[in-house]
Structure formats: C-alpha cells, structure tokens
Amino acid sequence: MDNRKFTLAGVMGMPITQSRSPILHNYWIAKYGLRGAYGHFPVEAQNLEAAIRGLSALGLAGCNVTQPHKVEALKLMDVVDPLAQRMGAINCVVVQPDGSLHGFNHDGYGYIQSLKDANPDWRADAGPIVVLGAGGASRAVVLSLIDQGATEIRLVNRTLDKAQALAAGYEHIVKVVSWAERNNAMEGCALFVNTTNQGMYGQPPIDVSLDALPTTAMVSDAIYIPLETPLLETARLRGNKTANGLGMLLNQARPAFKAWFGVMPEITDELKQAVLATF
Ligand code: ATR
C-alpha cells in the first residue's frame, strides 16, 4: 500500500453548499483512519463536461453528481451501470485505474434502505404505493420499488405526460393518475412517497390531503431539508409511520464511499448526530 496516497472526491452540483454529503464522507474518512477528503464542487451546467473530464486529469477517485447534472453527466460516462441506464441518470462517478469514467445511481438503493431502516418489516408488495412526482428522484424511487417487487404503483404528477413517459414499459405495475385525482389515489395504499420539491426549504408544502390515506400506510419524503416536512408532520400526527430523506442521503453514500475509499462504512448514531447538528 502506498502510504502517500491521498484520495479525493466530492459532490458536483449547483447550488451545492447546502449539501451535507461532505459531512458524511469526511466523518467516515476520519473514522476509518484514511487519508483523503471530500468537498463541494460548485459546477455550472456549461462547465459540466470540463469538470467531469477533469476528474481523471486531476487524479480524483470520483464524485457524486446532484441537481441539475444527474441526467447530463450520464452522457459523459465511458461505462454506465445498467440500473443507472434504466433510471436515465447517475449520482456517482467512479474513476477507474485507466482513467475511464464509470457512472452509477445509488439513489434507489438509498431510498429502499431508508424504508427498511424506518420499518424492518417493510415490503414493496404490501399494497398499492402512491408516488408523487415524475422527475429524476421519482425515476430512481419508482424503478427501485419495481425491482423490490411492488405490484401496483399509482404515479401522480402535475404534468401528466412526464408521468406517462416514466411509466412506459412498466404499465402492468405503474398506473398514471391525474393531479386532480391525487387525494383519492391514496385510498387503500400501503406507502405514500413525495418525490417533488414541494415542502423543501423555501418551497410551499405539497398540496395534498391525507384524509383518504390509511393510518397503517408508511409516508416517506425524499426531501431532507427540513428533516420533517409539513407532509411528514401531518402524517406523524395522524399516526402514520414516516421516513425522511436523510435516510436516503445516508444510505446512498455508503456504496459510493466503498467505491472510492475501499471501505463499506456504517451509519451510526454519532454520524446522524453530526449531520443533525448542522440543521
Ligand atoms: P428531481 O430530480 O429532484 O426529481 P425534477 O426532475 O426537477 O427534480 O422534478 C421535480 C418534480 O417536482 C416534478 O415531478 C415536478 O412536477 P412537473 O413535472 O409537473 O414539473 C414536481 N413539482 C415541482 N413544482 C411543483 C408544484 N408546484 N406542484 C406539484 N409538483 C411540483
């Protein structure tokens, strides 16, 4: 082993300073006694290609990719993991020893793990699932739920044709529901997921009513700023189990860290506290 090796990685996006990813990765670097660092890379869309190409030129181990680059960055990869290809987006680049760039998407893995952490008995086939939103986050969530064995996903989006495009090829599982019907779609469902940006810091709460949602259903939100969105607060107060977006963030980071730093890191209470201390 080369003791002089210093491994560098980071997260590329715009805006990016709100991202808590450096806290996670730098915590793990210290915890496992590694030499390295993980930073914020503020990259505008017009500089994405140069920034991605620069990863191997600078000898970085790789990077995470976040809004608004997840789709465009995929096109710059030399090899795209089949799951990321199906999702049409990447959130992780791993620079290979020969300098080539491999793209992965760990968002779906992170999402499913976050549900299992919140409820170890969770099963994708426990009943109908309602997914709100049809953007990049939704694509990762919907495909991972299908892969986990979901039997019925009611996909609701303000813009109907985006939901139809996401459902294409999966119509036997994914049923597109109009925005006007979103509240009725919750009847009898076992899981309700928000993947839109509504309820995020600076945005109004998502415009839904949970009246038709069984109290036995789990409610999850891909958002982690704030940790408890108005949707999750309403769900918790009426007795639903909830899962916030922090679990997704923490869990998607594990396989990325393993790929760059060689250790599969653990999510500990101390790590959660370190992240929570920044809110
Ligand atoms: P991400 O990658 O985080 O999913 P995105 O691809 O921009 O981001 O998707 C944002 C999602 O939030 C979309 O489903 C969007 O709905 P549209 O497809 O109709 O744009 C949804 N969204 C944004 N603002 C919304 C609003 N005011 N009401 C309902 N949905 C909204």
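Given the structure is predicted, the values throughout are model-derived calculations rather than measurements. (Residues numbered from 1 in each chain as written. Predicted model: local features only at pLDDT ≥ 70, side-chain atom pairs only at ≥ 80, totals over all residues. Heavy atoms only, no water.)

A. Main features of the overall build of the protein chain. Counting its regular elements, the protein chain contains 10 helices and 12 strands. Taking 279 residues into account, the globule formula puts the C-alpha radius of gyration at 19 Å, and the protein chain, at 19 Å, falls close to it. Overall size of the protein chain, expressed as C-alpha extent along the three principal axes, is 60 × 40 × 35 Å. Within the protein chain, buried positions represent 50% of all 279 residues. Surface exposure of the protein chain reaches about 12800 Å², of which carbon and sulfur atoms provide 52%. (Helix = DSSP H or I, 4+ residues; strand = E, 2+ residues; numbered from the N terminus. Rg over C-alpha atoms; globule rule 2.2 N^0.38 Å. Buried < 20%, exposed > 50% of the residue type's maximum accessible area, 1.4 Å probe, protein only. Areas by Shrake-Rupley, 256 points an atom, 1.4 Å probe, with all protein chains shown as cover.)

B. Looking closely at the site of the ligand. Lining the immediate environment of the ligand, one finds 14 residues, of which Ala134, Asn157, Arg158, Thr159 and Lys162 sit closest. A distance of 3.1 Å is found between an oxygen atom of the ligand and a backbone nitrogen or oxygen belonging to Gly136. Within the contact set of the ligand, an oxygen atom lies 2.8 Å away from a side-chain nitrogen or oxygen of Lys162. A breakdown of the residues in the shell around the ligand according to their chemical character gives 3 nonpolar, 9 polar and 2 charged. (Near = heavy atom within 4 Å. Polar contact = N/O pair within 3.5 Å; in protein donor to acceptor, adjacent residues only side chain to side chain. Nonpolar A, V, L, I, M, F, W, Y, C, P; charged D, E, K, R; others polar.)

C. Region of interest: the state of the cysteines. Taken as a whole, this structure holds 0 disulfides when the rule is applied. You can see Cys63 has no disulfide; the closest cysteine sulfur is in Cys92, sitting 7.6 Å from it. The exposure class assigned to Cys63 is buried, which follows from its relative accessible area of 0%. (Disulfide = S-S within 2.5 Å.)

D. View of the nonpolar core. With 30 residues, the main nonpolar core has Tyr111, Leu145, Ile153, Val174 and Leu191 as its most contacted residues. Of all the elements in the fold, those that place two or more residues in this core are helix H5 (107-118), strand E7 (129-132), helix H6 (136-147), strand E8 (153-156), helix H7 (160-167) and strand E10 (191-194). It is H6 that contributes the most residues to this core, 6 residues altogether. Apart from the residues lying within four places of it in its own chain, the contact partners of Leu191 are Tyr111, Leu115, Trp122, Pro128, Ile129, Val130, Leu145, Ala217, Met218 and Ser220. (Core = buried A, V, L, I, M, F, W, Y, C linked by side-chain atoms within 4.5 Å. Contact = heavy atoms within 4.5 Å.)

E. Quick look at the domain arrangement of the protein chain. When the domains of the protein chain are assigned, the result is domain 1 (7-105 + 249-276) and domain 2 (108-244). Taken over C-alpha atoms, the centre of domain 1 sits 25 Å from the centre of domain 2. Here domain 1 meets domain 2 over a buried area of about 1200 Å², counting both sides, of which 57% is carbon and sulfur. If you sort the residues of domain 1 by the area they bury against domain 2, Arg86, Met87 and Asn251 come out on top, with a joint share of 52%. On the surface where domain 1 and domain 2 come into contact, there are 1 salt bridge. (Domains from an automatic or database assignment. Buried area = accessible area lost by both parts, 1.4 Å probe. Salt bridge = Lys/Arg side-chain N within 4 Å of Asp/Glu carboxyl O.)

F. Quick look at the pairing of strand E5 (residues 92-95). Burial along E5 is two-sided: Cys92 and Val94 and Val93 and Val95, pointing in opposite directions, are all buried. Relative to E5, strand E3 (residues 62-65) runs antiparallel, the two sharing 3 bridges. Looking at the pairing, Asn64 lines up with Cys92 of E5. In terms of strand pairing, E5 meets strand E6 (residues 101-104) through 4 bridges, oriented antiparallel. Each bridged residue has a counterpart across the sheet, and for Val94 the counterpart in E6 is His102. (Pairing = 2+ DSSP bridges.)

G. Structural context of the packing of helix H1 (residues 21-31) against helix H10 (residues 269-276). In contact at an axis separation of 10 Å, H1 and H10 are set at 140° when each is read in the N-to-C sense. For the element pair H1 / H10, the angle class is oblique. Here H1 runs over H10; the crossing is right-handed. Residue-level contacts link Ile23, Leu24, Tyr27 and Trp28 of H1 to Glu270, Leu271, Ala274 and Val275 of H10. For the contact of H1 with H10, a count of residues per class yields 7 nonpolar, no polar and 1 charged. (Axes fitted to C-alpha atoms, helices over the stretch in contact; angles between N-to-C directions. Parallel < 35°, antiparallel > 145°, perpendicular 65-115°, else oblique. Left-handed = near helix turned anticlockwise from the far one by under 90°.)

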